[in-house]
Amino acid sequence: MTAHGGGKHSKAVHSGHRAAEHHGAVSVPIYQCSTFAFPSAEEGAARFSGESKGLIYTRLGNPTIAALETCVAELEGGCGAVGAATGMGAVSTVLLTFLGAGSHLVGTHPLYGPSRGLVDRHLSRFGVSASWVGAADLEGMRAAVRPETKLIYVETPANPTLDLVDLAGAAEIARAAGVPLVVDNTFAGPHLQRPLAWGADVVLHSMTKSLNGHADVVAGIVVAREPATLARLRETAMTFGITMDPHQAWLVLRGIRTLGMRVERAQENARALAAWLERHPAVEWLRYPGLPSHPQHELAQRQMDGPGSMIAFELKGGVEAGRRVMNAVRLVTLAVSLGGVESLIEHPASMTHKGVAAEEQLRQGITPGLVRLSVGCEDLEDLRADLEQALAQA
Ligand SMILES: *Cc1c(COP(=O)(O)O)cnc(C)c1O
């Protein structure tokens, strides 16, 4: 437990900041500078050699970015974190740290489309291979491990189908294989799920989503369980230039101060909307981890503090009906991204997961008619009324 208390809300409000270290400033100041003066040539040399901990240059470290890193690391229960310019920067940092020519990755599907594309279309050019198994297929994951496997990479809940990966089970497989388990925790966020506590080694986020929560920043972060892993990740992010900007870090930190309140309110809305939508005559099927109809509902109850605010569903009229609903919403916004205060709706097959081949989409459960809804913090009655009028046009 830290000085400011061990609760999730207390950490979100206070972690990473000590006012006394910043002239009493109650919010973390923005250190908007590229470089830091050395008091002497000897001290400059000591900082470069690692003998002294002082600041050098913002790509290598900056107090505003460090405040955000400490905050997210404490929320996730890690030893520390490395901020990244984007969520994809966080994914890249992890993959570039653990993989090299001849190495192999075991990953689950579905994944955020560009994360899968980074492995299949880009790392493959550098001699990296991958095996992909279904999110719920732990036996397949165990069987896919080879001597050259260097990493197990999972996303849970998975984007966009909300399939879950059993984190304790995946961690056991990674431990037996002697490789790190990496979890993209963007969908749930640390308020609802902390993968390190289930045995994961590294957690990453697109902070563009619920951590920032206001649709005004793109950013990412990687959290490590062990200091040795953190040092390797930081070295990658610094050398490849994936690191973030101080002003960006400050905006995300301001967003995080209200994380729990936003996430809980959006989740309350999502629970009510999912239960209502599932019974709506226009809806063919609906997937929400908080409903007993989700095939992994019990796992959701076990490893998550709550089912979150993402809903996937398909309308009886398929693709065409989905398109009519997306064009008819007024309060809900037709846009990609998720986890913000505003509700967003999108069509994964033609938008976020367009880069995944059509037959591969189907294999992963991304049906042509699947619509993804990110529920925000508006009034429930307004959201329900908007969806009702839009569904009437399906
Ligand atoms: C959005 C997202 C990313 C990528 O994040 P950016 O900030 O857009 O680069 C990675 N993983 C998941 C699950 C996401 O939703």
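Remember, it's a predicted structure, so these values are computed and weren't measured experimentally. (Residues numbered from 1 in each chain as written. Predicted model: local features only at pLDDT ≥ 70, side-chain atom pairs only at ≥ 80, totals over all residues. Heavy atoms only, no water.)

Draft legend 1. Structural detail: the sheet that holds strand 4 (residues 149–155). Within the open sheet, the seven strands sit side by side as 1-7-6-5-4-2-3. Their pairing is mixed. Looking along the sheet, the strands with just one partner apiece sit at the ends: strand 1 (80–84) and strand 3 (129–134). Strand-to-strand twist in this sheet, taken as the mean axis angle between neighbours without regard to direction, amounts to 20°. One ladder, built from three bridges, connects strand 5 (residues 181–184) with strand 6 (residues 202–206); its direction is parallel. If you follow Val 182 over to strand 6, its bridge partner there is Val 202. The sheet contacts of helix 3 (residues 63–76) involve strand 1, strand 6 and strand 7 (220–224), and relative to strand 7 the element is tilted by about 55°. Against the sheet, helix 7 (residues 167–177) engages strand 4 and strand 5, with an angle of about 150° to strand 5. (Pairing = 2+ DSSP bridges. Helix = DSSP H or I, 4+ residues; strand = E, 2+ residues; numbered from the N terminus. Axes fitted to C-alpha atoms, helices over the stretch in contact; angles between N-to-C directions. Contact = heavy atoms within 4.5 Å.)

Draft legend 2. Structural view of the packing of helix 3 against helix 9 (residues 246–256). Two elements in contact, helix 3 and helix 9, have axes separated by 8 Å at closest approach and are oriented at 35°. Regarding helix 3 and helix 9, the two cross each other, and that crossing is left-handed. Along its contact with helix 3, which presents Thr 64, Ile 65, Ala 67, Leu 68, Cys 71, Val 72 and Leu 75, the element helix 9 presents Pro 246, Ala 249, Trp 250, Val 252, Leu 253 and Ile 256. (Left-handed = near helix turned anticlockwise from the far one by under 90°.)

Draft legend 3. Spatial organisation of the layout of surface pockets. Quantified by volume, the largest pocket comes out at close to 1,000 Å³. Taken together, 38 residues form the lining of the largest pocket, with Lys 53, Gly 61, Ala 66, Glu 69 and Arg 234 sitting closest to its centre. Contributing elements (two or more residues each) for the lining of the largest pocket: helix 3, strand 1 and helix 8 (227–240). If you tally residues by element for the lining of the largest pocket, the top one is helix 3, at seven residues. Here the lining of the largest pocket is composed, by residue class, of 15 nonpolar, 15 polar and eight charged. Estimates place the volume of the second largest pocket at around 220 Å³. Lining the second largest pocket are Val 13, His 14, His 17, Arg 18, Ala 19, Val 26, Ser 27, Val 28, Trp 250, Leu 253, Arg 254 and Arg 257. Among the elements that line the lining of the second largest pocket, the one with the most residues is helix 9, at three residues. Of the residues belonging to the lining of the second largest pocket, the class tally is six nonpolar, three polar and three charged. (1 Å grid on protein atoms, 1.4 Å probe; cavity = no way out; pocket = protein on both sides within 12 Å on 5 of 7 lines; lining within 4 Å. Points joined across faces, edges and corners; volume = space filled by probe spheres on them. Nonpolar A, V, L, I, M, F, W, Y, C, P; charged D, E, K, R; others polar.)

Draft legend 4. Representation of the domain arrangement of the chain in the model. Once the domains are mapped, the chain shows domain 1 (8–30 + 61–256) and domain 2 (259–391). One C-alpha centre belongs to domain 1, the other to domain 2, and the line joining them spans 24 Å. On the side of domain 2, 41 residues touch domain 1, which itself brings 41 residues to the contact. Across the domain 1/domain 2 interface, buried area totals approximately 3,200 Å², and carbon plus sulfur atoms make up 58% of it. Taken together, domain 1 and domain 2 are joined by five salt bridges. One salt bridge connects Arg 116 with Glu 360, and the closest N-O pair in it is separated by 3.5 Å. Applying the counting rule to domain 1 against domain 2 returns 20 residue pairs in polar contact (both at pLDDT 80 or more). Looking at the side of domain 1 that touches domain 2, the elements that each hand over two or more residues are helix 1 (8–14), helix 5 (113–122) and helix 9. Classifying every residue of the side of domain 1 that touches domain 2 gives 20 nonpolar, 14 polar and seven charged. (Domains from an automatic or database assignment. Buried area = accessible area lost by both parts, 1.4 Å probe. Salt bridge = Lys/Arg side-chain N within 4 Å of Asp/Glu carboxyl O. Polar contact = N/O pair within 3.5 Å; in protein donor to acceptor, adjacent residues only side chain to side chain.)

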